[in-house]
Amino acid sequence: MARPITFLSDYGYEDEFAGVCRAVIAAIAPQATVIDLTHGITRHAIGQGATVLANALPYAPAGVHLAVVDPGVGSPRRALAVRVASEDRVLVGPDNGLLWPAIERLGGAVEGVDVSLSRFRLEPISATFHGRDVFAPVAARLALGTPLSEAGEEVAADSFTTLEASEPVIYEDRVVAHVVSVDRFGNAVLDLADRDLTQTGLTLGNQVRVETGGRLHDAVFTLTFADVRPGELILYVDSHRSLALAVNRASAADRLRLGPGDEVVLRPSR
Amino acid sequence: MARPITFLSDYGYEDEFAGVCRAVIAAIAPQATVIDLTHGITRHAIGQGATVLANALPYAPAGVHLAVVDPGVGSPRRALAVRVASEDRVLVGPDNGLLWPAIERLGGAVEGVDVSLSRFRLEPISATFHGRDVFAPVAARLALGTPLSEAGEEVAADSFTTLEASEPVIYEDRVVAHVVSVDRFGNAVLDLADRDLTQTGLTLGNQVRVETGGRLHDAVFTLTFADVRPGELILYVDSHRSLALAVNRASAADRLRLGPGDEVVLRPSR
Amino acid sequence: MARPITFLSDYGYEDEFAGVCRAVIAAIAPQATVIDLTHGITRHAIGQGATVLANALPYAPAGVHLAVVDPGVGSPRRALAVRVASEDRVLVGPDNGLLWPAIERLGGAVEGVDVSLSRFRLEPISATFHGRDVFAPVAARLALGTPLSEAGEEVAADSFTTLEASEPVIYEDRVVAHVVSVDRFGNAVLDLADRDLTQTGLTLGNQVRVETGGRLHDAVFTLTFADVRPGELILYVDSHRSLALAVNRASAADRLRLGPGDEVVLRPSR
């Protein structure tokens, strides 16, 4: 028996990087199921990868959760394996903040090791592909049930690199939020949670004035795309309970020229 | 034991949508093999998804066939699980025509249920991601052998949304066809089947005059790309017995500026 | 029990081609693990596919190694299954050079058969999709343990199509190399191995003058990206011990306008 392994990275699909990591896992732990979450994280986008990972893992079976977005590969940044409180899940990846929101969401770290010099890494180790040479083989061994303590040197659970997330500013008459990410449908997710809206006057079913890039747009705060006609702009609560902007059957990011980090001001229309 | 699950969608590869659905399946039915057909269907292209699904399923092992191209997510459109005559296969997806050609090709519906309110769906359900919250968990349960009748409310097998496909018009001296899809090699598939050619004068080995966008092109009706020199245009019968246009070692879609829906007139050259 | 199957192709992710091959494999050998190396090889790029395959397979578990980059599909080119010396691995693909570097790296061919007319192929066979109709079903049967001799007609092991690779030219004061490939991070891999550098004066830690497209650039020969500031150019030994050019946190290919085949002249700066 082996635990399942989820795998997220910015390796993309044009190259063999993710495939070679899967090959390494299959060679060490042939019975482990590998679940690719996505390898389409924007290259080096640690924040995007961290958000996607934290949102996805609660839907995945407990196991080993491999994540590699690693612009500092080969630098002295640590390589981590972290056991969290929730279901003894183990996260494996670089210590650059990528794992942080998921660790927090999964009950916090119980045990952590630095696997940079793990005896399970492949030799000769490359300077630039630790996914293949460090993270994948360590994840595979952990999936087989090897204790964390055998995979590397213990590190303090309060020493992990954290991540600064952008935050909305909530005023009496408006909310200043920021675009966190844009998906393939052109929907723009904001750094604004469902629960932040309580005192804002932004309520389901009502009109919203959306200001971005010096332009004003009218939207409806509604449940789903199909609540408006094709081409109309909506504000809605997305599947992770974040507020997001969408255009029914088209792209809100194109229409409003939105990208990650852009500021969006929301006001009740009355 | 669990039945295999095939999975097709327009979720793309940049986001985690398909990966999270796979994670949900792995959590419910860890022993089920998931076969990704493609997640590269053009967003919201129900017709394209329907054609690809119907063409692919005869090659897949009998099991549960999950398909999600769902621009109407959150609207009152039904969510279906349909058992067909062929090998007790079960199709799961939105009731918007996406499943229709596959149902027809696989012997027709024997039993259907609306799973919108299925007791197997995840709670709290989102308004915009029914792949994760409805379709994937229902597909996973059905793969484990749960009877269809426990997954939702029975619906009449003749009440499913059908799909209007474009059709060629066959004249005495010419055929007016339409582009159904363009693949990554730039090959353009037409809404014209092998068997439609009987009385057209278009015959293997002969020259064809191709008219599209007000321009004329010379092609050869041949078996395969390598039958002509690089750069030459051919008409051929593709792997699903549809007529298609290709340029050996290049892109017919680029050369002839073809996209889905475009009209193409074919005439025997002599 | 079945052997694992690795799968590499230029089928891409927009279409169902790779997925349908996986479906065919799952129908014949449901217990075989399929490891997708990548389907993102540039279309028809036999040389790129061959290099990626040869570099990836040593990391994969021994089994059946399916590879399809096949611009000559339907022509009289042979379809091969080849057993190599290393661990009885079996390679399956077109006889166009794609398999050649991997065969050499894995100890050379021990046995080869032409599977073009294999009794395991699907009927009716298409003229344009031998991945589905020939290579995938043959690979699946071989994964189940069927002897090679039952899969096709024996061919001489010295009759396989080989591949001309570009080679660097090493002068007393400079090295003339060529770009083999560019990855998604914009790193440009050269046809220059680690061991070619012995007498060149190019040594780790030193400055390098890079000339390409009539322009000069300064680089540092260093271990990894993080050894320089963001935006600086490096020469480094990549994870397959080939020399490569990178820009820390950006794209060397964009900066230097490099693509496959381009000439790059390297000189020690002092």
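Caption draft 1: Looking closely at the confidence of the model for chain A. Per-residue confidence for chain A averages 95 on the pLDDT scale, and 100% of its residues sit at or above 70. For this predicted complex, the interface confidence score (ipTM) comes to 0.94, while the overall pTM stands at 0.95.

Caption draft 2: Region of interest: the environment of Arg-3 of chain C. Residues and elements named next belong to chain C. Position of Arg-3 relative to the elements: it lies in the segment before strand 1 (5-9). Sequence separation between Arg-3 and Glu-172 is 169 residues; the distance between their C-alpha atoms is 49 Å. Those residues within four positions of Arg-3 in sequence are excluded, and the remaining contacts are Ala-32, Ala-62, Gly-63, Glu-87, Asp-88, Arg-89, Val-90 and Ala-143. Of note is the side chain of Arg-3, whose polar atom sits 3.1 Å from the backbone oxygen of Glu-87. Among the polar contacts made by the side chain of Arg-3, one reaches the main-chain carbonyl oxygen of Asp-88 at a distance of 2.7 Å.

Caption draft 3: Geometry of the nonpolar core. The biggest cluster of nonpolar side chains holds 62 residues, and the ones touching the most others in it are Leu-53 and Leu-91 of chain A together with Tyr-11, Leu-66, Val-92 and Leu-142 of chain B. Once residues lying within four places of it in the same chain are set aside, the contact partners of Leu-53 of chain A are Leu-8, Leu-37, Ala-67, Leu-91, Leu-98, Leu-99 and Ala-102 of chain A.

Caption draft 4: Focus on the pattern of salt bridges. Applying the stated criterion across every chain yields a total of 42 salt bridges over all chains. Measuring nitrogen to oxygen at the nearest pair gives 3.1 Å for the salt bridge that ties Arg-119 of chain B to Glu-150 of chain B. One end of the pair, Arg-119 of chain B, is in the loop between strand 6 (109-114) and helix 4 (130-143); the other, Glu-150 of chain B, is in the loop between helix 4 and strand 7 (153-155), and 31 residues separate them in sequence. Classification of Glu-150 of chain B as partly exposed rests on a relative accessible area of 38%. Its salt-bridge partner being Asp-194 of chain C, residue Arg-241 of chain C comes within 2.4 Å of it at the nearest N-O pair. Here Arg-241 of chain C is found in the loop between strand 13 (233-237) and strand 14 (242-247), whereas its partner Asp-194 of chain C is found in the loop between strand 10 (188-193) and strand 11 (207-212), with 47 residues between them in sequence. Taking relative accessible area as the criterion, Arg-241 of chain C reaches 45% and is therefore assigned partly exposed. With a relative accessible area of 25%, Asp-194 of chain C lands in the partly exposed category. Each of Arg-83, Asp-88 and Glu-111 of chain A takes part in one network of salt bridges that share partners.

Caption draft 5: View of the sheet that holds strand 5 (residues 90-94) of chain C. Residue and element names in this part refer to chain C. Taken in spatial order, the seven strands line up as 2-1-3-5-4-6-7 in an open sheet, and their pairing is mixed. In this open sheet, the two strands that pair with only one neighbour each are strand 2 (34-38) and strand 7 (153-155). On average, each strand axis in the sheet is inclined to that of its neighbour by 25°, with strand direction left out of account. By the bridge criterion, four bridges tie strand 1 to strand 2 in an arrangement that is parallel. If you follow Phe-7 over to strand 2, its bridge partner there is Asp-36.

Caption draft 6: Region of interest: the sheet that holds strand 3 (residues 64-68) of chain B. All names here are of chain B. Here we have seven strands laid out as an open sheet, ordered 2-1-3-5-4-6-7, and mixed in their pairing. In the strand order of this sheet, the two ends are held by strand 2 (34-38) and strand 7, each with one partner. When strand polarity is set aside, the average angle formed by the axes of neighbouring strands in this sheet is 25°. Contacts between helix 1 (residues 17-28) and the sheet are confined to strand 1 (5-9), strand 2 and strand 3, with strand 1 contributing the most and set at about 160° to the helix.

Caption draft 7: Quick look at empty space enclosed by the protein. Following the criterion strictly, the structure yields four cavities of 30 Å³ or more and no others. The volume enclosed by the largest cavity comes to roughly 50 Å³. What lines the largest cavity is Tyr-13, Leu-37 and Thr-38 of chain A together with Gly-12, Tyr-13, Asp-15, Ala-18, Gly-19, Arg-22 and His-39 of chain B. Of all the secondary-structure elements, those providing two or more residues to the lining of the largest cavity are strand 2 (34-38) of chain A together with helix 1 of chain B. Here the lining of the largest cavity is built from residues that sort into four nonpolar, four polar and two charged.

Caption draft 8: Geometry of the environment of Leu-163 of chain A. Residues and elements named next belong to chain A. Here Leu-163 is to be found in the loop between strand 7 (153-155) and strand 8 (169-170). For Leu-163, a relative accessible area of 27% gives the class partly exposed. The spatial distance from the C-alpha of Leu-163 to the C-alpha of Gly-107 is 17 Å, given a sequence separation of 56 residues. Once residues within four sequence positions are removed from consideration, Leu-163 is found in contact with Ile-46, Gly-47, Ala-50, Asn-96, Gly-97, Trp-100 and Pro-101.

Caption draft 9: Spatial organisation of the relation of the copies chain B and chain C. Between the two copies, chain B and chain C, the superposition gives an RMSD of 0.0 Å; the rotation angle is 120° and the shift along the axis is 0.0 Å. The superposition operator between the copies reduces to a three-fold rotation axis. In terms of proximity to the rotation axis, the leading residue of chain B is Tyr-13 of chain B, whose C-alpha is 4.7 Å off the axis. When you check the interface residues of chain B against chain C, a mere 7% turn up at the interface there too, and the two sides of the contact use different surfaces.

Caption draft 10: Spotlight on the interface of chain B and chain C. Across the contact, 29 residues belong to chain B and 32 residues belong to chain C. A buried area of about 2,500 Å², summed over both sides, lies between chain B and chain C, and 59% of it is on carbon and sulfur atoms. Ranking the residues of chain B by area buried against chain C places Tyr-59, Arg-184 and Phe-185 of chain B at the top, with a combined share of 30%. Taken together, chain B and chain C are joined by zero salt bridges. Counting across the chain B and chain C interface gives 12 residue pairs in polar contact (both at pLDDT 80 or more).

Caption draft 11: Region of interest: helix 2 (residues 46-56) of chain B. With respect to burial, helix 2 of chain B is a largely interior element, eight of its 11 residues being buried. For helix 2 of chain B, the set of buried residues is Ile-46, Gly-49, Ala-50, Val-52, Leu-53, Ala-54, Asn-55 and Ala-56 of chain B. Looking at the buried residues of helix 2 of chain B, the elements they touch are strand 1, strand 2, strand 3, strand 5 (90-94) and helix 3 (100-105) of chain B together with helix 1 (17-28) of chain C.

Here is what the cut-offs are and how they apply
- Within each chain, residues carry numbers counting from 1 in the order of the written sequence.
- Both sets of labels track the order of writing: A upward for chains, 1 upward for ligands.
- Local features are withheld for residues below a pLDDT of 70 in this predicted model, meaning they are given only at 70 or higher, and side-chain atom pairs are given and counted only at 80 or more; totals for whole chains, interfaces and linings count all residues.
- Computation of side-chain values covers all heavy atoms of the structure but excludes hydrogens and water.
- Per-residue confidence from the predictor is reported as pLDDT, a score between 0 and 100.
- Numbered from the N terminus, helices here are DSSP runs of H or I no shorter than four residues, and strands are runs of E no shorter than two.
- Every residue pair with non-hydrogen atoms within 4.5 Å of one another is taken to be in contact.
- Here a polar contact is taken to be a pair of N or O atoms separated by no more than 3.5 Å, where protein atoms must pair a possible hydrogen donor with a possible acceptor and residues adjacent in sequence count only if both atoms sit in side chains.
- For our purposes a nonpolar core is just a set of buried Ala, Val, Leu, Ile, Met, Phe, Trp, Tyr and Cys residues, chained together by side-chain atoms within 4.5 Å.
- For every residue, the accessible area obtained with a 1.4 Å probe (protein chains only) is divided by the maximum for its type, and the residue is called buried under 20%, exposed over 50%, and partly exposed between those limits.
- A carboxyl oxygen of Asp or Glu within 4 Å of a side-chain nitrogen of Lys or Arg is what we treat as a salt bridge.
- When DSSP finds two or more bridges between two strands, those strands count as paired.
- Simply put, an axis is a line fit to the C-alpha atoms, just over the touching stretch for a helix, and the angle between two N-to-C directions goes from 0 to 180 degrees.
- Residues are called lining when one of their atoms sits within 4 Å of a cavity or pocket point, these points coming from a 1 Å grid over the protein atoms alone, where a cavity is a set in which a 1.4 Å probe fits but cannot get out and a pocket is an open set with protein on both sides within 12 Å along at least five of seven lines.
- Grid points are joined across faces, edges and corners, and a volume is the space filled by probe spheres set on the points.
- Classes in brief: Ala, Val, Leu, Ile, Met, Phe, Trp, Tyr, Cys and Pro nonpolar; Asp, Glu, Lys and Arg charged; the others, Gly included, polar.
- For this overlay, a least-squares fit was computed on C-alpha atoms, restricted to residues scoring pLDDT of at least 70 in both copies.
- Put simply, buried area is the surface a 1.4 Å probe can reach on two separate parts but cannot reach once they are joined, added for both.

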